[in-house]
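Each chain is listed here by its residues.
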Amino acid sequence: SHYTITMASEVATDIPDDVASMWKTLDPAVRAALIASESKEVADEKKEAAGGGVEGRRAKASDGPRMDDTPKFIGGDSFTKRTSNPQWIKVRSNVYDAIKERRQQELETKVPADIEVTMPDGKILSADKEGNKYQSWRTTPFEVACTISRGLADNTQVARVTYTDFVSDYDPAEDGMGGVDLDEAMGELSVEDSADEKNKMTMLWDLSRPLVGNVSKIEFLKFDNDADARTAFWHSSAHVLGEALERLYGSRLTIGPPLAGGFYYDAYMGESGSDGAFKEDDYKAVEAEVQKIVKQKQKFERMVVTKEEALEMFEGNPFKEQIISTKVPDGSRTTVYRCGDLVDLCRGPHLPNTGRIKAFAATRHSATNWLGDTDNDSLQRMYGITFPDKKMLKVWKENQEKAKERDHRRIAAKQELIMFHELSAGSAFWLPHGARIYNKLVNFIREHYWKRGYDEVITPNVYNLDLWHQSGHAMHYKDAMFCFDVEGKEWAMKPMNCPGHCLMFGGKIRSYRDLPLRFADFGVLHRNELSGALSGLTRVRRFQQDDAHIFCREDQIEQEVIGALDFMKSVYTTFGMTYKLELSTRPKKALGDIELWNRAEAALARAMNEFAGKGGWKENPEDGAFYGPKIDIKVMDAMERVHQCATIQLDFQLPIRFGLEYNTGIKEEGKQFARPVMVHRAMLGSVERMFAVLCEHYGGKWPFWLSPRQIMIVPVHKEWNDYCQQVRDRLHDEGFYADVDLSKATFQKKVRNAQVDQYNFQLVVGKAEVENGTVNIRTRDNKVEGEKKLEDLIAYLKEMRAEHK
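In short, a report on the structure.

Cut-offs applied
- Residues numbered from 1 in each chain as written.
- Predicted model: local features only at pLDDT ≥ 70, side-chain atom pairs only at ≥ 80, totals over all residues.
- Heavy atoms only, no water.
- Core = buried A, V, L, I, M, F, W, Y, C linked by side-chain atoms within 4.5 Å.
- Buried < 20%, exposed > 50% of the residue type's maximum accessible area, 1.4 Å probe, protein only.
- Helix = DSSP H or I, 4+ residues; strand = E, 2+ residues; numbered from the N terminus.
- Contact = heavy atoms within 4.5 Å.
- Salt bridge = Lys/Arg side-chain N within 4 Å of Asp/Glu carboxyl O.

The next thing to look at is the nonpolar core. By size, the foremost hydrophobic cluster in this structure holds 69 residues, and its most contacted members are Y572, F575 and I631. The element that contributes the greatest number of residues to this core is helix α19 (residues 557–575), accounting for 10 residues. Beyond its immediate chain neighbours, meaning those up to four positions away, F575 contacts L441, F444, L684, M690, L694, H697, Y698 and W705.

What follows is the structure in structure tokens.
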């Protein structure tokens, strides 16, 4: 979305495991440096970027020292013990008030000018209901909304404004809009562009912030139907939580971003193991303090500050001081927001006041580290959730309980599918029944490979680091790789398959007749994730992907993409999941020939039109990877949660890096060879993560074809145990997972146990069944399907398996 801010540790699980995810998780400054080192074409863009940007846009590389160069432990005695309403809060407020007077004097020099505001329906407004003209430096989006109706203004969280132009006395740099976006600069935050960013005059705007030019389009965003509105709502809520933590405990706040669903604030509460650490007993006190803040309807007030003023204001908070010192260029300005006693570094935008928050709950807490580095200060993190309606919080809590019941970690433990051990943190031990599901998923994809013309390959797990230098990953991804010495040279375990496949393609001379080549690989991958980021099967260190790379001619792109989309549709239809498609096009700092990009994007658009129909997908302008356009596939599970597992991405750059060519069959000089286009694609993503998604999607009630426990045979009396064993052996020979309950439990207890253990069928055997060579069938939902000949049952089960039911 236009200003979606998310913690990398929270969202990484929703990003495909391939080159694109590596690129998007890099620090923006690192991305800029990589592109600049590989393409002279961006030199002019870098010079232009140094002048700053506008709110909501991707942050530019900053001047000054990097945070990594600063001392590791900086918290010191800035917090020694829990203290309510510490004196430094008042000191900070006094500094704020003094700076505010200076800004007010600057504002008085501005000359209001008449402006026009265009509504989404095209209607142009230039005055309010009383006929008062709209003016720059005076009129706010809230007042414009009131011209339509007070209800609209009261139900809007934030505005999205597209300016036609700025008034002559407006300077973005003076207004704190240049330089670095501190929300992103605070280490772990990721800001993504949206379709609206194609027009850099589009930005999110506080409802209470005066407009500074003619507006070609204004949108009033509501919590219910706009992601940006929810982001602003939860961002404001994080500030309220921070205010409560300062008031109650004297917490030294660090960063407090919104998440995809809620928010948190990290605070320094003394050294690790101190009495300052959060406890569950703190929740009620925090919730009560938040309610006080909400009832006060404190205004969110934006103010521009110089670097020197910011350092003065946050003196005593070493974390804020480090952000300001390292991320705010000398001589520039940034912004802070105040609500009540809290003043915080922030780009905004925010709600008009805290009273918009009608329901709050502290949800959980954890320990973390400054900037996510375990070598840095230990911090305390408190999570929260808020809503503009108390009923929404009630529904959310009910859904959370359902989610807990479906949590893959809980189900996997109960069903004895996987286990973890501290001696290999982040790597799952697949128990027998879990391995059955894992192998079924892999074989399911292999069946598709066979039908769809893929060739499965096997590549090494370890490579000389020179490979990763050639591919471009080493310089900026090495920290996420397991590296080690081999005879004096540096080697690493592979975190992805694509460079190895490039070596295979380049291993012989290729002809245009050979293309497309579809290399599929289930190779084991390793990524050196921080221990604090590990989470069940959704964030692991060892995993496998249903990874494939298609090497094709440019004229084959369209058909290959259609084939991959059809593959994806078949997979997710089988799983009972729906999906949405988005085409992400050339970003500003893309590498390669623009004409090739244009042709590739047109081919993708035609493919998506043919596959989904016009209007069946949406475009994300400028959101493609630097090396090629991509199709983002977002799938929805049974709880309507969105997961990004499958991916289809074009890559023009790896073939260049590895010098890949094919013989075109053309004898004309200069046209004998051409570069292939590389298509990265995955259907499941990582098998581990898909296992987790499906576990929660099905709630542990695995469909028969995927189930690790398909059939339980239950004798009515021990007299029929031998027949039951014969039935079990017959089913086993046909490839079904069948067991016999020969325990001393009662018949009713045996049936119940089988249903609780999620056996799809229970086959009840008594005297009649033995005499007739039959079994009596019950489902795990206790539906009695009646007596059936064993051979007829086997035929029925084979049909279910073949049709993936």
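The step from G348 to P349 runs through a cis peptide bond, and the omega angle for that step is 0 degrees. Of note, P349 is situated in the loop between β13 (342–345) and β14 (359–369). A cis amide bond, omega 5 degrees, links L515 with the succeeding residue P516. As for its placement among the helices and strands, P516 is situated in the loop between α18 (498–505) and β22 (517–521). We note that K297 has phi near 50 degrees; this positive angle belongs to a residue other than glycine. Checked against the element boundaries, K297 lands in the loop between α10 (282–295) and β11 (301–306). Phi is positive for E640, which is not a glycine, with a value near 60 degrees. Within the secondary structure layout, E640 lies in the loop between β27 (630–636) and β28 (642–651). Looking at E640, the relative accessible area reads 69%, which means it is exposed.

Attention now goes to the pattern of salt bridges. One pass over the structure, following the stated rule, counts 48 salt bridges. A salt bridge links D407 to R409; its shortest N-O distance comes to 2.9 Å. Its relative accessible area of 18% is what places D407 among the buried residues. One salt bridge connects R599 with E554, and the closest N-O pair in it is separated by 2.3 Å. Of this pair, R599 sits in helix α20 (residues 594–612) while E554 sits in the loop between β24 (542–552) and α19; the two residues are 45 residues apart in sequence, bridging distant segments of the chain.

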